[in-house]
Amino acid sequence: MDLTLILELALLGVGTGFLAGLLGIGGGMVLTPFFTLLLSQTGHIPPEHVVHVAIATSMSTIMFTSLSSITAHARHGAVLWKVAFSIAPGILIGGVLGAQITGMLSTFWVATIFACFVGYSATKMFMAKKQTAGGHLPGVPGLVGAGTVIGVISALVGAGGGFISVPFLTYCNVKIHNAIGTSASLGFPIAVAGTIGYVISGWNTPGLPGWPEMLGFVHLPGLFCVAATSVLSAPFGAAVAHRTDTKRLKRVFACLLFTLAGYMAYKAITSL
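Keep in mind that this is a model prediction, so the values were computed, not measured.

1. So, the overall build of the chain
Then step 1. Looking only at helices and strands, one finds ten helices and two strands in the chain.
Then step 2. For the chain, the sequential pattern of α-helices and β-strands runs α-α-α-α-α-α-α-α-β-β-α-α.
Then step 3. Against the compact-globule benchmark of 19 Å for 272 residues, the chain has a radius of gyration of 17 Å, which places it among compact chains.
Then step 4. Along the first, second and third principal axes, the C-alpha set of the chain runs to 50 × 40 × 30 Å.

2. Considering the environment of Gly28
Then step 1. Tracing the backbone through its elements, the reader meets Gly28 in helix H2 (residues 28–40).
Then step 2. Once the C-alpha coordinates of Gly28 and Ala184 are considered, the two residues, 156 residues apart in sequence, prove to be 13 Å apart.
Then step 3. In this structure Gly28 touches Ser58, Phe114, Gly158 and Ala159, once residues within four positions along its chain are discounted.

3. With respect to the nonpolar core
Then step 1. Counting 64 residues, the largest nonpolar core has Leu9, Phe35, Ile45, Val53, Ile87 and Leu257 as the members making the most contacts within it.
Then step 2. It is helix H3 (residues 50–75) that contributes the most residues to this core, nine residues altogether.

4. Some remarks on helix H8 (residues 176–201)
Then step 1. In this model H8 runs 36 Å from its N-terminal to its C-terminal C-alpha over 26 residues, within 8% of the 38 Å that 1.5 Å per residue would give.
Then step 2. Burial analysis of H8 places 19 of its 26 residues in the buried class, the great majority of the element.

5. As for a nonpolar patch on the surface
Then step 1. On the surface, Phe64, Phe224 and Val231 cluster together to form a nonpolar patch covering roughly 270 Å² of accessible area.
Then step 2. Here Phe224 lies in helix H9 (residues 220–241).

6. Description of the packing of aromatic side chains
Then step 1. Across all of its chains, the model carries three aromatic pairs by this definition.
Then step 2. Aromatic side chains Phe108 and Trp109 sit 5.0 Å apart centroid to centroid with 80 degrees between the ring planes, which places their arrangement in the edge-to-face category.
Then step 3. Residue classification places Phe108 among the partly exposed positions, given a relative accessible area of 22%.

7. Section: the packing of H2 against helix H5 (residues 107–127)
Then step 1. The N-to-C vectors of H2 and H5 enclose an angle of 140 degrees; their axes lie 11 Å apart at closest approach. Here H5 runs oblique to H2, going by the angle between their axes. Considering the relative orientation of H2 and H5, their crossing is left-handed. Counted together, Gly28, Met29, Thr32 and Pro33 of H2 and Phe114, Phe117, Val118 and Ser121 of H5 form the full contact between these two elements.
Then step 2. Here the residues of the contact of H2 with H5 are counted per class, giving five nonpolar, three polar and no charged.

8. Focus: H2
Then step 1. Spanning 13 residues, H2 covers 18 Å between terminal C-alpha atoms, matching the ideal 18 Å at 1.5 Å per step.
Then step 2. Along H2, ten of the 13 residues are buried, which leaves the element largely enclosed by surrounding structure.

9. Some remarks on the side chain of Ser121
Then step 1. In this structure, Ser121 sits in helix H5.
Then step 2. Contact partners of Ser121, with chain neighbours within four places excluded, come to Met29 and Phe163.

10. Brief notes about the state of the cysteines
Then step 1. Overall, the coordinates contain zero disulfides when judged by the stated rule.
Then step 2. Here Cys116 stays free of any disulfide, with the sulfur of Cys255 as its closest cysteine sulfur at 19 Å.

11. A closer look at unusual backbone geometry
Then step 1. Cis geometry marks the peptide bond from Trp211 to Pro212, where omega comes out at 10 degrees.
Then step 2. Along the chain, Pro212 falls in the loop between H8 and strand E1 (214–215).
Then step 3. Notably, Asn173 is not glycine yet its phi reads approximately 70 degrees, a positive angle.
Then step 4. Note on placement: Asn173 falls in the loop between helix H7 (162–171) and H8.

Conventions we followed
- Per chain, residue numbering runs from 1 following the sequence as it is written.
- Only residues with pLDDT of 70 or above have their local features reported here, since the model is predicted, and side-chain atom pairs are shown and tallied only from 80 upward, although totals for entire chains, interfaces and linings are computed over all residues.
- Hydrogens are left out, water is left out, and the side-chain values use all remaining heavy atoms of the structure.
- For helices the rule is a DSSP run of H or I covering at least 4 residues; for strands it is a run of E covering at least 2, with both sets numbered from the N terminus onward.
- Atoms counted for the radius of gyration: C-alpha only. Globule rule: 2.2 Å times residue count to the power 0.38.
- A contact between two residues is defined here by any heavy atoms of the two lying within 4.5 Å.
- Residues enter a nonpolar core if they are buried and are Ala, Val, Leu, Ile, Met, Phe, Trp, Tyr or Cys, with the set joined through side-chain atoms within 4.5 Å.
- Burial status follows relative accessibility: with a 1.4 Å probe on protein chains alone, a residue under 20% of its type maximum counts as buried, one over 50% as exposed, and anything between as partly exposed.
- How far a helix is expected to stretch is found by multiplying one less than its residue total by 1.5 Å.
- A patch consists of residues whose relative accessible area exceeds 30% and which take part in no salt bridge; residues with like charges are grouped when within 9 Å of each other, and nonpolar side chains (Val, Leu, Ile, Met, Phe, Trp, Tyr) when within 5 Å.
- Throughout, the Shrake-Rupley method with a 1.4 Å probe supplies accessible areas, and for residues the shown protein chains are the sole cover considered.
- We count a salt bridge whenever a side-chain nitrogen from Lys or Arg sits within 4 Å of a carboxyl oxygen from Asp or Glu.
- Pairing of aromatic side chains requires ring centres within 6.5 Å, counting the rings of Phe and Tyr and the six-membered ring of Trp. Pairs whose planes differ by under 30 degrees are stacked, by over 60 edge-to-face, and all others tilted.
- Orientation is described by lines fitted to C-alpha atoms, with helices fitted over the stretch in contact, and by angles between N-to-C directions that extend from 0 to 180 degrees.
- Any angle that is under 35 degrees is reported as roughly parallel, and any over 145 degrees as roughly antiparallel; angles of 65 to 115 degrees are reported as roughly perpendicular and all others as oblique.
- What makes a crossing left-handed is the near helix being turned counterclockwise from the far one by less than a right angle; a clockwise turn instead makes it right-handed.
- Residues are grouped as follows: Ala, Val, Leu, Ile, Met, Phe, Trp, Tyr, Cys and Pro are nonpolar; Asp, Glu, Lys and Arg are charged; every other residue, Gly included, is polar.
- When the sulfur atoms of two cysteines come within 2.5 Å, that pair is taken as a disulfide.

Spelled out as structure tokens, the structure:
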């Protein structure tokens, strides 16, 4: 494998890990466009599958990066485990289902869905409107249903679900620190379910490289390079966050997300 690509993937992991620690966001929305860009240049991945591989690989990295976040929030007692365990079955169903849906869609639709979701998330971050509460947590069936929706959307865009689960929980009158902690605990099952789904949906896809470069739609060198370096750099981002006003930084990051959404919209259009 090209040493240059390995170094680029490692640097990508450093950057996304630092951002995750600094701003408290998952790296999925950043990773997918950059994976798309880097893997497009290798020539190993067919153009019609590059976005699928980027989303799948982004999702798989969350299996590793979410563990440190779960540990940190659990240590502070911020995780509502009863709620998390009630949502998790739906997460697992939705994650696998979302990966199968993505596998059946063309590059145009996958990239368009991603661009719309990231653009919406960037707008919310830029406006920085306070989430208002309007209800209460539903029973177990309702939480399973909510988890299914979160899992499907997360798998479609290769993200950890925080941009959906945190607003949902705060709307249900869950305190913000508990909402963030509980959302963090859901990142791991989302990633596991989505990764399994993408391995299945990408299995034996014509034109894709085989083992050891690919496992279904998951690009293994990309997974391990990014996961290893992002885990190392996240604590440095967290340390800086404690000494910095991150409100303005979040608006700058929102502008980056608008740019990445635009790039993915461009990929959608050029795939036609």
